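# Understanding the architecture of this molecule
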Amino acid sequence: MSDFLPGLEGVPATKSAISFIDGEKGILSYRGYPLETLATNSTFEETTLLLLDGELPTKAALNRFSKQLRSSYRIKYHIREMMRHFPHTGHPMDMLQTAVCSLGMFYPGTECLTDADSCKDIDYVRNMTVNIIAQMAPLVAMWEHMRQGYDPINPRDDLSVAENLLYMFTGKEPDSLMARIMDVCLILHAEHTLNASTFAALVAGSTLASPYSVISAAIGTLSGPLHGGANQRVVGMLQEIGSPDNVEAWVDKKLANKEVIWGMGHREYKVKDPRATILHKLVTKLVEERGGSLDKMFATAMKLEEVCVDRLGHKGVYPNVDFYSGILYSEMGIPEDQFTALFAVARSAGWLAHWREQISNNRIYRPTQIYVGHEQREYIPMSERKKAPKQ
Ligand SMILES: CC(=O)SCCNC(=O)CCNC(=O)[C@H](O)C(C)(C)COP(=O)(O)OP(=O)(O)OC[C@H]1O[C@@H](n2cnc3c(N)ncnc32)[C@H](O)[C@@H]1OP(=O)(O)O
Ligand SMILES: O=C([O-])CC(=O)C(=O)O
């Protein structure tokens, strides 16, 4: 087989039973359950167990899992001390990638991964999965205080992942509306078939690297602006546009310069991303309840959607998940450069579900390339070289 498809578009690289996308109809489901149903009825903890185990948990199983997560919120002293020495100007995604990878140094045990047949249920896999998912949000929230020169706020094991995340960010127990919105955001971002960061996780995992290396590879991949990093840029873009009146001229200039519009377009969806539809409704609800400064940014975003659909809809370019999430996070008082880290908190569930699915039937990823370089050449001694090579 020698056909080259740039970006591996349309190339199946794995078999998976975790999630499903119909990009023409705008459908996303986790383990067969429509995302809209989960966003209405589920919690991040329950959705995580569904992704990991394949079934909705019983009440007892969910309670056990939630308890395990909560008892693992606290971050090790040495990691906290290490984080204090990170440059305060560093990006939260770089912090998270480094901290997660460093955490792995405390949890050796990857030898068991070489015994691929017994991997699926062994304690190491289960414990490390819980440990990573539980620690992502506390790491992100702690860093917010540390980079401002303050002591971090300790996690509270009487709070859910979403509640504890907001509590550790703000120092206040969130009200039920904000806690629910954050919970829904975590559910919406938890999983999305074979996106770039999940693929990176699978490539790392296929070498039987530790789950901490797997997740740090995924975090690095998610950080880019063509992937999860777009959510940070959307709010900056809306601020730059300033008001709905400026949208048309702004879009036309961007498109004339062949620049991308952040939060628009998707490899899989040719209609509006179903997560963007849910987030759009959540922002509407929040604006109705809270109003205030959000109104103008939201109005600009809606006008931007309208103009982009008009100019780019024929190419299948519509809002993706990153388009409306930042508006919500801004309203929660979360700084823009933390938005992608929140995405990573949620996506740790999907990454680890894929990792677990893969290691039970692993084969190392090793694709091929089409070589377009020189034929074999003679080595030229330095004294005989005429031209400097192009840099
Ligand atoms: C969580 C997530 O990762 S969601 C995606 C987040 N990323 C973004 O929001 C960044 C902006 N979007 C993009 O860059 C792209 O749409 C991607 C990276 C998401 C998908 O890329 P691809 O599948 O390779 O799409 P591709 O670049 O082939 O786009 C198809 C056409 O739509 C255009 N297009 C796609 N997205 C955009 C956009 N955001 N702004 C303007 N034009 C766009 C392309 O220019 C191309 O036009 P052409 O056929 O005239 O050349
Ligand atoms: O699926 C993709 O390519 C990107 C995406 O939306 C996600 O990872 O949530």
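Residues numbered from 1 in each chain as written. Chains lettered and ligands numbered in written order. Predicted model: local features only at pLDDT ≥ 70, side-chain atom pairs only at ≥ 80, totals over all residues.

The name given to the protein chain in an unreviewed UniProt entry is Citrate synthase, and the organism recorded there is Methylophaga muralis. Quoted verbatim from the Pathway (unreviewed entry) field of the UniProt record, the comment on the protein chain reads "Carbohydrate metabolism; tricarboxylic acid cycle; isocitrate from oxaloacetate: step 1/2." Per UniProt, the protein chain carries the Catalytic activity (unreviewed entry) text "oxaloacetate + acetyl-CoA + H2O = citrate + CoA + H(+)". (UniProt positions renumbered as here; feature names shortened; annotations may be inferred.)

### With respect to the UniProt feature "active site" (unreviewed entry) in the protein chain
Taking the UniProt record as the reference, the feature "active site" (unreviewed entry) is found at His266 and Asp322. Taking the farthest pair of C-alpha atoms as the criterion, the annotated set spanning 57 residues converges on one region, since that pair is 10.5 Å apart. Among the structural elements, histidine 266 can be located in the loop between helix H12 (247-256) and helix H13 (274-290). By the C-beta count within 10 Å, which is 21 here, histidine 266 ends up buried. Setting aside residues up to four positions removed in sequence, histidine 266 forms contacts with Asp273 and Asn320. Using a count of 28 C-beta atoms within 10 Å as the deciding quantity, one classes aspartate 322 as buried. Leave out the neighbours within four places in its chain, and aspartate 322 touches Ala230, Asn231, Val234, Trp262 and Gly263. (Helix = DSSP H or I, 4+ residues; strand = E, 2+ residues; numbered from the N terminus. Buried ≥ 20, exposed ≤ 12 C-beta atoms within 10 Å, placed from the backbone. Contact = placed C-beta atoms within 7 Å.)

### A word on the site of ligand 1
With respect to spatial proximity, 19 residues lie near ligand 1, and among them His227, Ala230, Met264, Gly265 and Arg267 are the closest. Residue composition of the shell around ligand 1, grouped by class: nine nonpolar, seven polar and three charged. (Near = placed C-beta within 6 Å. Nonpolar A, V, L, I, M, F, W, Y, C, P; charged D, E, K, R; others polar.)

### Quick word on unusual backbone geometry
Most peptide bonds take the trans form, and the phi angle of most residues other than glycine is negative. Phi is positive for threonine 193, close to 45 degrees, though the residue is something other than glycine. Secondary-structure assignment places threonine 193 in the loop between helix H8 (176-189) and helix H9 (196-205). A positive phi is found at lysine 258, a non-glycine position, where the angle reads about 60 degrees. Structurally, the position occupied by lysine 258 is in the loop between H12 and H13. Take lysine 258: there are 6 C-beta atoms within 10 Å of it, and that puts it in the exposed class.

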